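Architecture at a glance
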Amino acid sequence: MKCNRCEEVMNVEEVLCYGCEGSYHYACSISERTLRARSKADRQSWRCQYCRDKNKPSKSSQESISSDLGTGFSSQLDQLSGDINPTLKQFMEQVVSSLQFMSNKMEELSSSMNSIAKENKELKDEIKTLNQHMETKDKQIETLTARVTKLEQYKKRKFIEIHGVDGDKSTSPEDKFKIISEKIGCEGIPYKTVDLINLKSSNILLVKLHTVENKEKFIKMGKMWWRNFSEEERKTTKRLYFNEHLTPENRLLFRETRKKSAALGYKYTWIKNGRILIKKDDSAKVLSVNSVKDVEKLI
């Protein structure tokens with residue numbers, strides 16, 4: 001047995017050509033490692049260079065096939081029908097049909113996805129617009145609420161609350177107010193109305209004075225009245241508290257402000273003409289608290 005290429009004697013057949021059935025050394029044909037890496041079917045169908053060159057289509061055939069690629073799978077199948085058995089041709093037609101079907105479905109899916117993406121974008125834009133409208137409305141409501149609260153508080157600008165009065169109904173609210181006025185040094189101060197409000201925790205005199213100036217004077221004198229007592233005198237004297245008359249909203253806001261400012265170490269928290277004011281220490285700037293947001297911003 002000789003090698004078809006080098007014509008040297010071969011003791012063992014190494015590579016056999018499927019086309020011409022010639023024997024070859026590995027060194028004269030294909031490396032043993034490359035051949036063994038192939039599948040069994042590929043090894044058995046291996047062809048030598050001569051057979052491969054012999055079966056290679058001519059240049060004119062290649063140009064013909066190349067020029068017909070643009071006509072698609074169907075025209076190629078017709079041209080190659082003589083070289084392909086009917087079973088393989090039928091299989092190829094099924095493959096082409098399946099591919100065409102899948103292509104159509106992909107186009108439909110792509111169109112649907114584009115439509116969904118467009119609708120999704122439109123919905124996002126609508127939601128964004130609605131959120132912007134909501135934010136605007138919220139700000140308007142917040143502004144209106146603040147204005148209403150301010151107007152309500154303005155109506156109470158001449159009122160004072162005196163906490164800690166006795167609930168004895170044998171004495172009229174007016175007489176109670178006159179007695180307290182004498183105690184704190186505001187005897188004869190003019191007033192418009194006096195009402196006694198009985199609560200579980202304490203009794204309150206709600207007094208409307210003629211002017212804001214009278215209100216401020218009365219509250220100032222009332223606080224000074226208590227500060228002037230000695231420790232011993234305070235033990236035998238019932239304390240009275242003099243405050244401005246706040247709206248329910250401002251009353252709650254004042255309570256939250258006092259709680260937060262105390263936790264943060266603010267030294268002063270007070271009310272003046274319905275406004276809530278705070279001060280960190282004697283040298284700090286006076287701050288005005290107008291809403292819960294202002295309380296949350298305290299540091």
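These notes cover the structure that comes with them.

How each quantity is defined
Residues numbered from 1 in each chain as written. Predicted model: local features only at pLDDT ≥ 70, side-chain atom pairs only at ≥ 80, totals over all residues. Heavy atoms only, no water. Helix = DSSP H or I, 4+ residues; strand = E, 2+ residues; numbered from the N terminus. Buried < 20%, exposed > 50% of the residue type's maximum accessible area, 1.4 Å probe, protein only. Contact = heavy atoms within 4.5 Å. Areas by Shrake-Rupley, 256 points an atom, 1.4 Å probe, with all protein chains shown as cover. Phe/Tyr/Trp six-rings, centres within 6.5 Å; stacked < 30°, edge-to-face > 60°. Lys NZ or Arg CZ within 6 Å of the ring centre and 35° of its normal. Pairing = 2+ DSSP bridges. Axes fitted to C-alpha atoms, helices over the stretch in contact; angles between N-to-C directions. Expected span 1.5 Å × (residues − 1). Arc of directions from axis to C-beta.

This part takes up the overall build of the chain. Counting its secondary structure elements, the chain contains eleven helices and nine strands. Scored against the burial criterion, the 299 residues of the chain give a buried share of 25%. Taking contacts inside the chain between residues at least 6 apart in sequence as the whole, the part at least 24 apart equals 46%. For the chain, the exposed surface amounts to about 21900 Å²; the carbon and sulfur share of it is 53%.

Attention shifts here to the packing of aromatic side chains. A full pass over the atoms with the stated rule returns eight aromatic pairs. With a centroid separation of 6.4 Å and 90° between ring planes, the pair formed by Trp225 and Phe242 is classed as edge-to-face. In this pair, Trp225 sits in helix H8 (residues 212-227) while Phe242 sits in strand E6 (residues 241-244), placing the two residues 17 residues apart along the sequence. You can call Phe242 buried: its relative accessible area is 2%. Ring pairs connect the aromatic residues Phe177, Tyr191, Phe218, Trp225, Trp226, Phe229 and Phe242, which therefore count as one cluster. Taking the ring centre of Tyr266 as reference, the NZ or CZ of Lys280 above it sits at 4.5 Å.

A few words now on the sheet that holds E6. Taken in spatial order, the four strands make up an open sheet running E4-E5-E3-E6, and their pairing is antiparallel. Of all the strands in the sheet, just strand E4 (191-198) and E6 have a single pairing partner and so form its edges. Within the sheet, the average angular offset between the axes of one strand and its neighbour, ignoring direction, is 20°. With seven bridges connecting them, E4 and strand E5 (residues 203-209) associate as antiparallel partners.

Read across the open sheet, the three strands follow the order E7-E8-E9; overall the sheet is antiparallel. The open sheet terminates on both sides in strands that have one partner only, identified here as strand E7 (268-272) and strand E9 (287-289). Averaged over all adjacent pairs, the angle separating strand axes in this sheet is 35°, with direction ignored. Here helix H10 (residues 248-263) sits on the sheet and contacts E7, strand E8 (275-279) and E9; the angle it forms with E7, its principal contact strand, is near 160°.

Compared with an ideal rise of 1.5 Å per residue, which puts 70 residues at 104 Å, helix H6 (residues 86-155) spans 102 Å between its outermost C-alpha atoms and is within 8% of the ideal. For H6, every residue scored as buried is listed here: Val96, Thr149 and Gln153.

Even without being glycine, Glu7 reaches a positive phi, approximately 60°. Mapped onto the fold, Glu7 is located in the segment before strand E1 (15-16). The phi torsion at Asn273 lies on the positive side, around 50°, for a residue other than glycine. Counting through the fold element by element, Asn273 comes out in the loop between E7 and E8. For Asn273, a relative accessible area of 39% translates into the label partly exposed.

Another point: the pairing of E5. Burial runs high along E5: six of the seven residues are buried. Looking at chain direction, strand E3 (residues 159-165) and E5 are connected through six bridges and run antiparallel. When the sheet's bridge partners are listed, Ile162 is paired in E5 with Leu205. Connecting E4 to the next strand, E5, in antiparallel fashion are four residues.

Attention now goes to helix H7 (residues 173-184). Along an α-helix, residues three or four positions apart point the same way, because every turn accommodates 3.6 residues. For H7, built from twelve residues, the straight-helix expectation of 16 Å at 1.5 Å per residue is met to within 8% by its first-to-last C-alpha distance of 17 Å. Along H7, the residues classified as buried are Lys176, Phe177, Ile180, Ser181 and Ile184. Along the axis of H7, the buried residues cluster in a sector spanning 135°; they form a single face. In this structure, the buried side of H7 is in contact with E3, E4, E5, H8 and E6.

Moving on, we get to the pairing of E6. Side chains Phe242 and Glu244 project from E6 onto a buried face, and the interleaved Tyr241 and Asn243 project onto a face without burial. Pairing analysis gives four bridges linking E3 to E6, with the strands arranged antiparallel. Residue pairing for E6: Glu161 is matched across the bridge by Asn243.

With that settled, consider the environment of Gly19. Take Gly19: it is sitting in the loop between E1 and strand E2 (23-24). For Gly19, a relative accessible area of 37% corresponds to the partly exposed category. Taking the C-alpha atoms as reference, Gly19 lies 8.0 Å from Ser45; in sequence the two are 26 residues apart. Beyond its immediate stretch of four places on either side in the chain, Gly19 contacts Arg47 and Cys51.

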